[in-house]
Structures are given as C-alpha cells and as structure tokens.
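Spelled out, the chains give:
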Amino acid sequence: MLNIGFIGAGTTGTALSRLLSGKGYRIVAVSSRSLSSAEKLAGAVSGCRVFDSNQGEADTTELVFVTTPDDFIAPVVSQIQWHPGQSVVHCSGAESTDILEPARKAGAIVGAFHPLQSFASVKRAMENIAGSTFAIEAEEPLLSILKQIVATLGGNVIELKAGDKVAYHAAAVIACNYLVTLEKLAADLWQTFSIPPNLAIRALMPLVRGTLNNIETVGIPQCLTGPIARGDSGTVKKHLDALQKISPALLSTYKELGRQTIPISIAKGKINEAQARELEIVLS
C-alpha cells in the first residue's frame, strides 16, 4: 500500500482523502496554503500529518495528489524537488499531464485524475462520488493504480489523451454548471408572476428530475418533449413575444437553445421538414 499525500486541502482534496482513508488507503501527509484547512483534513483522516511546506509533504509520500485550484498547479509543481519513481497526479478537469512536466523531468510518473462530479461541499462530494466517472490520463504502472482507486470508490473509468481534456471539460461545464444557469433563468421568469426564487426552484425541481430520469432511461432523442418536439411553432412564437416584453435579455438564449433543439426533434422523428423549417424561421 502506497503512502499517499495531498497538496491542497479544499473540497476536492478533503473529500478524496477522507474517502480513500475510509477504504483503507494510507493517507499520511497534507499541505495547503491554508494551515487551518490542512489541519481540518488531517483531523478527519487517521494517521495523516500536516506539513507547513509542500516539499515536506512530497518528501514523505510515494503518490501525491495535487488538488489545488487549476491556476496553482503549475507553480506548485515547479517549486518541488521530485524524485524518480514518485507518482504525481493532479485533479484538474481541463489540464493535461503536460502541466506536470517539471515532475516528469525529475523522473516522477505523472497522471491526471478527474472525478466527473459536482463538489458543492465535502459532504455532498462524498455522498455523490460512487457511480461517478473518472477521467484518467496516465501511463503504467500509475494507470493501473488509479484505475484500482476508481474501482474502490465505486466509479467508472474513461481514459483520455492530453488533447482530449479541454473538450471533455467544456462538456462537463455545459452539463453541470450551465444547468444551474438554466434553472436560475427559469426561476427568474417566475418572479414576473410574483413567485419568489426559492418557491420557483422547489416547483421546477420535480420537472428537472423527471427530465434527467428520462434522459437516462429513455435516451436522447426520444426523451425530448415540449413544443419543438411537437413542431408547435405557434407556442414558440408566443414564448418569444412574451420574453420580448418581460425579459428581452433572455431572447437570444432562448432562440439559440431552440435552434439547437430542432435537430434533436428531427432525430426523434416526430416533426417533418416543413415543421422544422417553420421553427427555424420563428427562431431566426
């Protein structure tokens, strides 16, 4: 069993260290810009020691997870004296292993290990991680070690090349972060008929959960519902007219989402070419 350490004691580092410790992995060291965060992590992980320098943490461990914010990965890694045979892994979704080049040049084995999950808090991250997909970029023998970690956490693995990471992360942002934005936009519209945001979100969440369930169980494109799925250009036109009056800033977003939805509706097979053209005209 490897001695594992974490540089960075934020949500990701704390959640992963606690999960791995609970599965029997030896988490022996942590360092962080925030000493209090490092102490809090170590207090929740048996046998974990706090170091006041990243070098001290790296000198103590065989597998180092760098769980700092993305912008700090490169400077942190470049300031540490790594040694041959050591494994250095970052948890960024957008960055490839190229950012770990100083460690590679020193003889370390480098990898990237990104849990495709929303880490809103340590508690939520620990609850949601099972069943999640992990994007891994690494070579053997580190690749097998990371795959085993994923299996232990109850996750699934996809292997990525360096050139895949940015598109992969952009897709994650669309699916996760911008879903939050869409719900905020929808809730804002409810305020135009005097429903406050908290009640709007409460009312909309069963619809969102039902949609997600349909995506998972029925699949795209067959799960698509609504006016564009029916070719109902009249309803779409009413939406546009209403938005022009009450929320004109939302018009361009609604139109673009609508245009992107037309091909899905065509693929579902419920509208014909004439209906699709009419929708395109209304949304142009």
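Only a predicted model underlies this, so the values are computations on that prediction, with no experimental measurement involved.

Q: Looking at this structure, how should I read the sheet that holds strand β4 (residues 63-66)?
A: Adjacent strands of a sheet pair through backbone hydrogen bonds, lying either parallel or antiparallel. With respect to topology, 8 strands assemble into an open sheet ordered β3-β2-β1-β4-β5-β6-β7-β8, the strand pairing being mixed. The strands lining the two open edges of the sheet, one partner per strand, are β3 (49-50) and β8 (156-159). By the bridge criterion, 4 bridges tie strand β1 (residues 3-7) to β4 in an arrangement that is parallel. Looking across to β4, one finds that F6 is bridged to F65. In the packing of helix α7 (residues 142-152) onto the sheet, the strands contacted are β4, β5 (87-90), β6 (109-116), β7 (133-138) and β8, and the crossing angle to β7 comes to about 170°.

Q: How do you make sense of helix α12 (residues 233-246) when you look at a structure like this?
A: Think of an α-helix as turning once every 3.6 residues; residues three or four places apart then point the same way. Helix length check: α12, at 14 residues, gives a terminal C-alpha distance of 20 Å against a target of 20 Å (1.5 Å per residue), a fit within 8%. Turning to α12, its buried residues number three or more, namely S233, V236, L240 and L243. Down the axis of α12, the buried set is contained in an arc of 80°. They therefore lie on one face. Turned more than 90 degrees away from the buried face of α12 sit K238 and K245, all of them exposed. In the core, the buried residues of α12 are packed alongside α9 (177-190), α11 (227-230), α13 (251-268) and α14 (273-283).

Q: Help me understand the packing of aromatic side chains, please; the structure alone is not making it clear to me.
A: Both the distance between ring centres and the angle between the ring planes are used here to describe each pair of aromatic rings. Scanning all chains against the criterion turns up 4 aromatic pairs. Taking 5.0 Å as the distance between ring centres and 40° as the angle between the ring planes, the aromatic pair formed by F113 and F134 counts as tilted. One end of the pair, F113, is in strand β6; the other, F134, is in strand β7, with 21 residues separating them in the sequence. Since its relative accessible area comes to 1%, F113 is described here as buried.

Q: Just to check I follow, could you spell out the packing of α12 against α14 for this structure?
A: How two helices pack is summed up by the angle between their axes together with the distance between the axes. One can describe the packing of α12 onto α14 by two numbers: an axis separation of 10 Å at closest approach and a directional angle of 10°. The orientation of α12 with respect to α14, classified from their angle, is roughly parallel. Taking contact as the criterion, the partners of S233, V236, K237 and L240 in α12 are, on α14, E278, L279, V282 and L283. Its residues assigned to classes, the contact of α12 with α14 shows 5 nonpolar, 1 polar and 2 charged.

Q: I keep staring at the environment of L116 and nothing clicks. Help me out?
A: Structurally, L116 can be placed in strand β6. Residues L116 and C176, spaced 60 residues apart in sequence, show a C-alpha to C-alpha distance of 9.6 Å. Aside from chain neighbours lying at most four places away, what touches L116 is S132, T133, Y168 and A172.

Q: How should I be thinking about the pattern of salt bridges in this particular structure?
A: In a structure, side chains of opposite charge can pair up when their charged atoms sit close to one another. Summed over all chains, the structure comprises 10 salt bridges. For the salt bridge of R104 with E101, the shortest nitrogen-to-oxygen distance reads 2.9 Å. With R104 and E101 both in helix α5 (residues 101-105) and 3 residues apart, the pair spans about one turn of that helix. Since its relative accessible area comes to 33%, R104 is described here as partly exposed. For E256, the salt bridge goes to R259, with nearest N and O atoms at 2.9 Å. Of this pair, E256 and R259 both sit in helix α13, 3 residues apart, which is roughly one turn of that helix. Here R259 falls in the partly exposed class, since its relative accessible area comes to 33%. Overlapping salt bridges bring together K123, R124 and E127 as one network.

Q: Would you mind showing me how to read the side chain of E137 here?
A: Along the chain, the position of E137 falls in strand β7. Buried and unpaired, E137 has K165 as its nearest opposite-charge partner, separated by 4.4 Å. In this structure the side chain of E137 is engaged in a polar contact, spanning 2.7 Å, whose partner is the side chain of T97. Every residue in contact with E137, bar those within four places of it in the chain, is listed here: S96, T97, V110, G111, A112, L160, K161, A162 and K165.

Q: What should I look at first to understand the packing of α13 against α14 in this one?
A: It is at 9 Å that the axes of α13 and α14 come closest, and there the two elements cross at 170°. Considered as vectors, α13 and α14 are oriented roughly antiparallel to each other. Contact with α13, carried on its side by Y254, K255, G258, R259, I262 and I266, involves A276, L279, E280 and L283 of α14 and no other residues of that element.

Q: I would appreciate a short explanation of the nonpolar core in the present structure.
A: A general feature of soluble globular proteins is that nonpolar side chains tend to end up buried together. Residues F65, F113, L146 and I149 are the most contacted members of the largest nonpolar core, which totals 32 residues. Only β1, α1 (11-22), β2 (26-31), α2 (35-44), β4, β7 and α7 provide two or more residues apiece to this core. With 5 residues, α7 is the single largest residue contributor to this core. Contact partners of L146, with chain neighbours within four places excluded, come to F65, V89, A112, F113, I136 and A138. If you look at the next biggest cluster of nonpolar residues, it comprises 15 residues, including I7, V88, I99 and V110.

Conventions used here
Residues numbered from 1 in each chain as written. Predicted model: local features only at pLDDT ≥ 70, side-chain atom pairs only at ≥ 80, totals over all residues. Heavy atoms only, no water. Pairing = 2+ DSSP bridges. Helix = DSSP H or I, 4+ residues; strand = E, 2+ residues; numbered from the N terminus. Contact = heavy atoms within 4.5 Å. Axes fitted to C-alpha atoms, helices over the stretch in contact; angles between N-to-C directions. Expected span 1.5 Å × (residues − 1). Buried < 20%, exposed > 50% of the residue type's maximum accessible area, 1.4 Å probe, protein only. Arc of directions from axis to C-beta. Phe/Tyr/Trp six-rings, centres within 6.5 Å; stacked < 30°, edge-to-face > 60°. Parallel < 35°, antiparallel > 145°, perpendicular 65-115°, else oblique. Nonpolar A, V, L, I, M, F, W, Y, C, P; charged D, E, K, R; others polar. Salt bridge = Lys/Arg side-chain N within 4 Å of Asp/Glu carboxyl O. Lys, Arg positive; Asp, Glu negative; His and termini not counted. Polar contact = N/O pair within 3.5 Å; in protein donor to acceptor, adjacent residues only side chain to side chain. Core = buried A, V, L, I, M, F, W, Y, C linked by side-chain atoms within 4.5 Å.

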